[in-house]
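Per-entry structural report
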Amino acid sequence: MIVLVLVGLIVGGKVFLAHPKAEINLQEARAKGNPQARVKIVEYIDFQCPACAYGVKFLKTFFDKHPNDVYIQVRYFPLTNMHHHAMISALYSECAARQGKFWALDDLMIPQQQQWAQLISPEPVFKAMATQVGMDIGQLNNCLVSDDARKVINNEKSVGQTLGIVSTPTYFINNKMVVGVKSLDDALKAYFP
Amino acid sequence: MYTILRIVIGSILLVSGLGKLLSPYQNFLYVIQAYQLLPSWGEVLTAQIFPWIELIVGVFLLIGLWTWWSLRGALILFGIFVVVVGQALLRRLPLESCGCFGEWIHLKPQTVIVLDSLSILLTILLLRGLSQTKKFSLDSYFD
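Model, not experiment: these values are computed from the prediction.

**Some points on the overall build of chain A**
Assigned secondary structure in chain A consists of 9 helices and 5 strands. Going from the N terminus to the C terminus, chain A shows its helices and strands as α-β-β-α-β-α-α-α-α-α-α-β-β-α. In chain A, buried positions account for 39% of the 193 residues. Long-range contacts, defined as pairs at least 24 residues apart, comprise 76% of the intrachain contacts of chain A with a sequence gap of at least 6.

Below, the structure written as structure tokens:
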């Protein structure tokens, strides 16, 4: 009887505790690769998180090897309680995305994470990067002070939380959740042995 | 006294298991990976099974069912925690939090070692005074 109750508890719990899945949006500016690819990855990151930086480098190498077989989309999950520059780095990224420069800025911001993470204000560094990638600084300034970009970031984080995300980097590979680069590597090996 | 201690130990395990189960198992898997102790398949298996064991042992201690076995189970669980967290500290693995209670409570590994060691001592105490531990339990009802 007790065993039956336990089995029922576990099965019921599994059903009750199931989380929704991350649906990919093929219209996003923060995406790259082949939209018809058999492997679609949604990447929830905090730009100041060291493991995320490692994940971005890992995925970049992976993408360079399989450019036609992978579609990658970045979503924001700033851990503002842990990282002081999580929100401002996400804001610059979102504003870059609105000018079609997300990946260009990402390519500068992520490799230099250790340097700007230690600054009291990383904004001068981010502005220099924005200039370097050819962003319109007037548009950028307007974007930074607008509520719209911040809303997009906060909304994405809220959606991430409903999906069960608590830490970064978290990925959804063809809707299957994996957390951390080790699991990402393991999961991708199943598709690309 | 013994009954309260039994309920405290049971609650710790219940909260620990539930905290992990309310989140997708992948989050606990990420915590396990940080300890760098198991092969990949072992990490996945542990992430999926371990929280249920904590929850079940916790519930059994709370209601006082199969108390002797549940206390033994709790002793093994706390022993595992001490060994796993201890080896991580000895190897100076970069752990910010132990990950023991899912996202509910964040404790430093050093704090967890102390708390788990204390829990081991309390569990041994409960085992030694089993007849008193079984007061206000389902075991005492069935006995």
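**Focus: the overall build of chain B**
When helices and strands are counted, chain B shows 7 helices and 0 strands. Along chain B, from the amino end to the carboxyl end, the secondary structure elements read α-α-α-α-α-α-α. Over its C-alpha trace chain B gives a radius of gyration of 15 Å, about what one expects of a compact globule, namely 15 Å for 143 residues. Dimensions of chain B, computed from C-alpha atoms along their principal axes, come out at roughly 45 × 25 × 25 Å. Going through the 143 residues of chain B one by one, you find that 38% of them count as buried.

**Things to note about the interface of chain B and chain A**
Interface extent is often summarised as the accessible area lost during association of the parts. Taken residue by residue, the interface counts 13 residues in chain B and 15 residues in chain A. For the side of chain B that touches chain A, the secondary structure elements donating two or more residues are α2 (25-34) and α3 (40-63) of chain B. The element contributing the most residues to the side of chain B that touches chain A is α2 of chain B, with 5 residues. By residue class, the composition of the side of chain B that touches chain A is 7 nonpolar, 5 polar and 1 charged.

**Details of the packing of helix α3 (residues 86-98) of chain A against helix α7 (residues 137-145) of chain A**
Residue and element names in this part refer to chain A. The contact between α3 and α7 brings their axes to 9 Å, and the two run at 130°. Here α3 is positioned oblique relative to α7, judged by the angle of their axes. The handedness of the crossing between α3 and α7 is right-handed. Every residue of α7 that contacts α3 at Leu-91, Cys-95 and Arg-98 is listed here: Leu-140, Cys-143 and Leu-144.

**A short note on the nonpolar core**
Note that soluble globular proteins tend to have their nonpolar side chains buried in a common cluster. Residue and element names in this part refer to chain A. Counting 55 residues, the largest nonpolar core has Ile-45, Leu-91, Tyr-92, Ala-96 and Ala-130 as the members making the most contacts within it. Considering each element in turn, this core owes the most residues, 9 residues, to α3. The contacts of Leu-91, once residues within four sequence positions are left out, are Leu-144, Ala-149, Arg-150 and Ile-153.

**Here's the deal with the sheet that holds strand β3 (residues 70-76) of chain A**
Residues and elements named next belong to chain A. Taken in spatial order, the 5 strands line up as β1-β3-β2-β4-β5 in an open sheet, and their pairing is mixed. Two strands bound the open sheet, and with one partner strand each, they are β1 (31-33) and β5 (176-179). Direction aside, neighbouring strands of the sheet carry axes that sit 20° apart on average. Across 4 bridges, strand β2 (residues 39-45) lies against strand β4 (residues 170-173) in antiparallel orientation. In the strand pairing of β4, Ile-41 is matched with Ile-173. Each of β2 and β3 is contacted by helix α8 (residues 147-162), which is oriented at about 105° to β3, the strand it contacts most.

**Looking at the pairing of β3 of chain A**
Residue and element names in this part refer to chain A. When you tally the buried positions in β3, you get 7 out of 7 residues, the bulk of the element. Neither face of β3 is open: one carries Val-70, Ile-72, Val-74 and Tyr-76, the other Tyr-71, Gln-73 and Arg-75, and all of them are buried. In this structure, β2 lies alongside β3, joined through 7 bridges in parallel fashion. Bridge pairing links Val-42 to Gln-73 in β3. At this point the chain moves from β2, through helix α2 (residues 50-65), to the parallel β3, and the crossover so formed is right-handed.

**Focus on the packing of helix α4 (residues 67-90) of chain B against helix α5 (residues 109-128) of chain B**
Residue and element names in this part refer to chain B. For the pair α4 and α5, the least separation of the axes is 9 Å and the interaxial angle reads 155°. By the angle between their directions, the pair α4 and α5 is classed as roughly antiparallel. Crossing handedness for the pair α4 and α5: left-handed. From α4, Leu-71, Ala-74, Leu-75, Phe-78, Gly-79, Phe-81, Val-82, Val-85, Gly-86, Ala-88 and Leu-89 reach across to α5, where they touch Pro-109, Gln-110, Val-112, Ile-113, Asp-116, Ser-117, Ser-119, Ile-120, Thr-123, Leu-126 and Leu-127. Of the residues in the contact of α4 with α5, the class split is 15 nonpolar, 6 polar and 1 charged.

**A look at α3 of chain B**
Residues and elements named next belong to chain B. Between the first and last C-alpha of α3 there are 35 Å, a value that for 24 residues agrees with the 34 Å anticipated at 1.5 Å per step. All of the buried residues along α3 are Glu-43, Thr-46, Ala-47, Pro-51, Glu-54, Leu-55, Val-57, Gly-58, Phe-60 and Leu-61. On the buried face of α3, the contacting elements are α1 (2-21), α2 and α4. Just downstream of α3, Gly-64 is the residue with a positive phi angle, here 75°.

**Here's the deal with the confidence of the model for chain B**
Residue and element names in this part refer to chain B. On average, chain B scores 91 in pLDDT, and the residues at 70 or more come to 100%. By mean pLDDT, the top-scoring element of chain B is α3 (95), and the lowest-scoring one is helix α7 (residues 138-142) (83). Taken over the whole predicted complex, pTM reads 0.84, whereas the ipTM for its chain interfaces reads 0.78.

Procedures and definitions
- Residues numbered from 1 in each chain as written.
- Chains lettered and ligands numbered in written order.
- Predicted model: local features only at pLDDT ≥ 70, side-chain atom pairs only at ≥ 80, totals over all residues.
- Helix = DSSP H or I, 4+ residues; strand = E, 2+ residues; numbered from the N terminus.
- Buried ≥ 20, exposed ≤ 12 C-beta atoms within 10 Å, placed from the backbone.
- Contact = placed C-beta atoms within 7 Å.
- Rg over C-alpha atoms; globule rule 2.2 N^0.38 Å.
- Nonpolar A, V, L, I, M, F, W, Y, C, P; charged D, E, K, R; others polar.
- Axes fitted to C-alpha atoms, helices over the stretch in contact; angles between N-to-C directions.
- Parallel < 35°, antiparallel > 145°, perpendicular 65-115°, else oblique.
- Left-handed = near helix turned anticlockwise from the far one by under 90°.
- Core = buried A, V, L, I, M, F, W, Y, C linked by C-beta atoms within 7 Å.
- Pairing = 2+ DSSP bridges.
- Right-handed = clockwise from strand over helix to strand, strands pointing away.
- Expected span 1.5 Å × (residues − 1).
- pLDDT = per-residue confidence, 0-100.

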